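Each chain is listed here by its residues.
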Amino acid sequence: MEMFLRLEEAWDVTLRRTDACPVETVPLFDAYGRVLAAAVQAKAPFPPFDRSALDGYAVRAADIQGASPDAPVELQVLEEVPAGTVPERVVGAGQAAKIMTGAPIPVGADAIVRKEAAELLGNPAGRNSESADGEGAEGLCQHAIVRILMDVPAGEAISVQGEDAPQGAMLLEAGTRIGAAETALLATNGEAMVPVYRRPRVGILVSGSEVRPLSGELLPGQIRDSNGPMLAALVRDLGGEPVLYGQVGDELEEIAARVKQMAAECDLVLTTGGVSVGDYDVMRDAYVQAGGEVVFWKVTMRPGTPVTFAEIAGTPVFGLSGNPAAAYVNFVMLVVPVLRKLAGLSQVLPRPVKAVLDSAGSAKVIGLDRFLRAELVSLDGQLVARAGKGQKAAILTSLVGIQGLVRIPAREEAPNGSLVDVYLLQEGALSR
Ligand SMILES: Nc1nc2c(c(=O)[nH]1)N[C@H]1C(S)=C(S)[C@@H](COP(=O)(O)OP(=O)(O)OC[C@H]3O[C@@H](n4cnc5c(N)ncnc54)[C@H](O)[C@@H]3O)O[C@H]1N2
Ligand code: MOO
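Residues numbered from 1 in each chain as written. Chains lettered and ligands numbered in written order. Predicted model: local features only at pLDDT ≥ 70, side-chain atom pairs only at ≥ 80, totals over all residues.

Convention followed: UniProt positions are given in the numbering used here, feature names are shortened, and annotations may be inferred rather than shown by experiment.
If you look the protein up in an unreviewed UniProt entry, it shows as Molybdopterin molybdenumtransferase from Tumebacillus avium. Here is the UniProt Pathway (unreviewed entry) comment for the protein, exactly as written: "Cofactor biosynthesis; molybdopterin biosynthesis." Quoted verbatim from the Sequence similarities (unreviewed entry) heading of the UniProt record, the comment on the protein is "Belongs to the MoeA family."

Here is the structure:
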């Protein structure tokens with residue numbers, strides 16, 4: 001195995017070693033944001049019956065040809081059909097039924113005339129059509145007449161059975177993220193319990209003897225851990241479940257023991273630090289000590305060049321860079337696709353959008369793909385990626401407020417104004 005991989009090779013290798021999480025069945029309300037584990041087909045046609053799309057009158061279109069305010073057509077009103085009931089009468093020639101939106105179409109009727117284009121006559125107590133609102137069937141006088149003021153073609157304002165989805169239609173494919181629209185479809189289909197992939201459990205371990213937790217005094221030479229909290233937040237952004245395993249120094253045995261435990265307990269293991277060439281960069285050896293197979297330890301990307309991928313007891317493991325922005329870029333470009341596969345999504349690779357580059361820094365040509373933190377703005381209908389100056393791997397502040405990472409391919413020039421690929425940072429990306 002070549003140890004210095006291009007990003008595409010790294011995707012290929014990491015995804016081949018990743019399987020979706022196990023499936024569990026949850027109530028529909030808890031399925032929001034999860035990924036569907038089995039295809040769903042329409043159990044019945046939807047809508048289940050021909051229904052009215054308007055409040056008005058179910059008529060026979062042939063009866064009202066040429067109707068207008070000057071030449072109204074009068075029809076006998078047989079009954080009223082509220083939504084949730086079924087019509088009892090057959091609409092014959094010269095007849096109509098008062099009908100509400102969502103109510104089944106009576107046999108014999110083939111079009112709906114909206115209420116605003118009709119006048120109800122002969123109602124009890126001399127009520128006009130407006131005051132007839134909300135009346136029950138018994139409120140209609142036996143000899144009620146409706147005056148139709150408009151001509152409509154057959155089929156007008158009728159939603160036919162199965163027009164939304166015929167019986168057996170594929171409603172949702174396995175691997176689809178369940179959002180609001182999918183929830184509505186599942187509810188319509190009566191899916192009270194939904195098979196979904198378990199949320200990926202992501203173990204996070206931070207290494208480095210200079211790195212301290214949030215509380216307590218900082219001694220000279222020490223800094224606070226920002227990678228642990230950042231990665232936990234990224235995992236949560238995506239809909240995964242972060243599990244914090246705290247911090248370790250640079251001792252191989254201790255790291256190996258911790259990582260082994262994490263691999264046994266989690267679907268994915270993330271560590272930060274110790275992946276470069278320093279005297280204390282022991283992560284690779286620790287993975288091996290933990291019984292793992294190290295697959296690669298460098299990717300042609302900057303920041304985030306030294307990034308290790310291993311498999312320990314069947315669990316994928318990423319050794320991310322300690323530099324915060326390098327760890328961030330490693331996460332977005334390498335960890336997210338693996339998380340998406342674990343989550344059960346069918347589409348896992350990031351899909352960049354095109355934007356015009358507006359960079360404050362120099363566009364040096366290097367032998368690695370460069371990733372610039374960028375804000376995305378729309379100018380004159382064109383997406384522009386604005387990359388500030390703070391692009392060093394150790395710079396944390398320039399991660400705030402960005403919407404994407406511009407990719408400048410190795411050995412390519414990217415002058416301002418050129419079209420570049422931008423990988424969007426999406427919350428819920430495990431899901432979308
Ligand atoms: N001689 C070389 N030195 C370095 C090389 C190289 O090729 N040759 N590569 C550089 C690059 S590029 C990177 S990226 C870093 C990667 O370093 P490590 O992943 O081994 O990380 P550390 O050395 O442990 O830390 C780097 C940096 O980040 C700070 N850090 C570490 N952990 C945290 C944390 N949890 N929260 C906040 N900040 C953290 C740490 O203090 C260091 O400043 O190596 C270069 N060196
Ligand atoms: O990759 Mo180091 O990759 O520049 O921060």
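1. Here we look at the overall build of the protein
Our working definition: Each helix is a run of DSSP H or I of at least 4 residues and each strand a run of E of at least 2, with the numbering of both proceeding from the N terminus. Radius of gyration here is computed from C-alpha atoms only, and the compact-globule reference equals 2.2 Å multiplied by the residue count raised to the power 0.38. As a rule, residues whose C-beta atom has 12 or fewer other C-beta atoms within 10 Å are exposed, those with 20 or more are buried, and those in between are partly exposed; C-beta atoms are placed from the backbone.
Along the backbone of the protein there are 7 helices and 28 strands. Taken against the 2.2 N^0.38 rule, which gives 22 Å for 432 residues, the C-alpha radius of gyration of the protein at 32 Å runs more than 25% over that of a compact globule. For the protein, the C-alpha atoms occupy an extent of roughly 100 × 50 × 45 Å along the three principal directions. Here the protein holds 432 residues, and the buried ones make up 42% of them.

2. Side note on the nonpolar core
Operational definition: By convention the nonpolar core is taken to be a set of buried residues drawn from Ala, Val, Leu, Ile, Met, Phe, Trp, Tyr and Cys and joined through C-beta atoms within 7 Å. Contact between two residues is assigned whenever their backbone-derived C-beta positions fall within 7 Å.
In terms of nonpolar packing, the biggest core is built from 87 residues, with V259, V269, L270, V329, F331 and V406 touching the most fellow members. When residues in this core are grouped by element, the largest group, 15 residues, is from helix α7 (residues 324-343). In this view, F331 contacts L231, L234, L320 and V336; residues no more than four positions away in its chain are not counted. I64, I99, A109 and L140 belong to the second-largest nonpolar core, a separate cluster that totals 28 residues.

3. Considerations on the site of ligand 2
Let me state the cut-off plainly: Here, nearness is defined through the C-beta atom: a residue counts as near a molecule or strand if that backbone-placed atom lies within 6 Å of it. Gly falls in the polar group here, along with every residue not listed as nonpolar (Ala, Val, Leu, Ile, Met, Phe, Trp, Tyr, Cys, Pro) or charged (Asp, Glu, Lys, Arg).
The full set of residues close to ligand 2 is R302, P303, G304, T305, S321, N323, A326 and A393. Its residues assigned to classes, the shell around ligand 2 comprises 3 nonpolar, 4 polar and 1 charged.

4. Notes on the sheet that holds strand β18 (residues 268-272)
Operational definition: DSSP-based pairing: two strands are paired if at least 2 bridges between them are found. Only the contacting stretch of a helix is used when fitting its axis, a line to C-alpha atoms as for every element, and angles between N-to-C directions run 0 to 180 degrees.
Pairing is mixed across the open sheet formed by 6 strands, whose spatial order is β17-β14-β18-β23-β22-β19. Only two strands of the sheet have a single neighbouring strand rather than two, namely β17 (241-248) and β19 (293-296). Strand-to-strand twist of the sheet, defined as the mean angle between neighbouring strand axes without regard to direction, takes the value 20°. Contacts between helix α4 (residues 227-238) and the sheet are confined to β14 (201-207), β17 and β18, with β14 contributing the most and set at about 165° to the helix. Packed on one face of the sheet, α7 meets β18 and β23 (315-320) and runs near 170° to β23.

5. Section: the sheet that holds strand β9 (residues 118-121)
Pairing is mixed across the open sheet formed by 6 strands, whose spatial order is β8-β5-β7-β6-β10-β9. Here the strands that pair on one side only, and so sit at the sheet edges, are β8 (111-114) and β9. Averaged over all pairs of adjacent strands, the angle between strand axes in this sheet comes to 35°, irrespective of strand direction. Note: strand β5 (residues 56-59) against strand β7 (residues 95-99), 3 bridges, orientation antiparallel. By the bridge assignment for β7, G56 is matched with I99.

6. Concerning the packing of helix α1 (residues 7-16) against α7
To describe two helices that pack against each other, one gives the angle between their axes and the distance between the axes. Rule in force here: An angle below 35 degrees is read as roughly parallel, one above 145 as roughly antiparallel, one from 65 to 115 as roughly perpendicular, and any other as oblique. Crossing chirality is assigned from the near helix's rotation relative to the far helix, an anticlockwise turn below a right angle marking it left-handed and a clockwise turn marking it right-handed.
Interaxial distance between α1 and α7 falls to 10 Å at its minimum, and their mutual angle equals 30°. Taken together, the axes of α1 and α7 are roughly parallel relative to one another. Here the hand of the crossing between α1 and α7 comes out right-handed. Where α1 abuts α7, its residues L7, A10, W11, T14 and L15 lie against M333, L334, P337, V338 and K341. Residue composition of the contact of α1 with α7, by class: 8 nonpolar, 1 polar and 1 charged.

7. Here we look at the domain arrangement of the protein
Note on interface size: it is often stated as the accessible area lost on association of the parts. Put simply, the rule reads: For the purposes of this description, domain bounds are those given by an automatic or database domain assignment.
Looking at the protein, the domain boundaries give domain 1 (4-23 + 198-343), domain 2 (24-47 + 162-197), domain 3 (51-159) and domain 4 (353-424). The C-alpha centroid of domain 4 is placed 39 Å from the C-alpha centroid of domain 2.

8. Points about the UniProt feature "domain: MoaB/Mog" (unreviewed entry) in the protein
Mapped onto the present numbering, the UniProt feature "domain: MoaB/Mog" (unreviewed entry) falls at residues 203-341. Secondary structure within residues 203-341 divides into 37% helix and 29% strand; the distance between the first and last C-alpha atoms comes to 16 Å.

9. Re the site of ligand 1
Close to ligand 1 lie 27 residues, the nearest being N227, G273, S276, S321 and G322. Elements supplying a minimum of two residues to the shell around ligand 1: α4 and α7. Per-class residue counts for the shell around ligand 1 are 11 nonpolar, 13 polar and 3 charged.

10. Re the confidence of the model for the protein
Put simply, the rule reads: Per-residue confidence from the prediction method is given by pLDDT, with values spanning 0 to 100.
On average, the protein scores 92 in pLDDT, and the residues at 70 or more come to 94%. Considering only residues more than four positions removed or in separate chains, one finds that residues 124-137, a stretch of pLDDT under 50, has 12 contacts. Both scores are given for the predicted complex: the pTM is 0.86, the ipTM 0.96.

11. Digging into the environment of E74
Its place among the elements puts E74 in strand β6 (residues 73-81). Here E74 falls in the partly exposed class, since 17 other C-beta atoms lie within 10 Å of it. In this structure, the C-alpha to C-alpha distance between E74 and D358, residues 284 residues apart in sequence, is 69 Å. Contacts of E74, omitting those with residues within four sequence positions, involve I145 and R147.

12. Examining the packing of α4 against α7
At their nearest, the axes of α4 and α7 sit 11 Å apart, and the two run at 30° to each other. On the basis of the axis angle, α4 is roughly parallel to α7. As α4 runs across α7, the sense of the crossing is right-handed. Here N227, M230, L231, L234 and L238 of α4 lie close against α7, whose contacting residues are P324, A327, Y328, F331, V336 and L339. Residues belonging to the contact of α4 with α7 are distributed by class as follows: 10 nonpolar, 1 polar and no charged.

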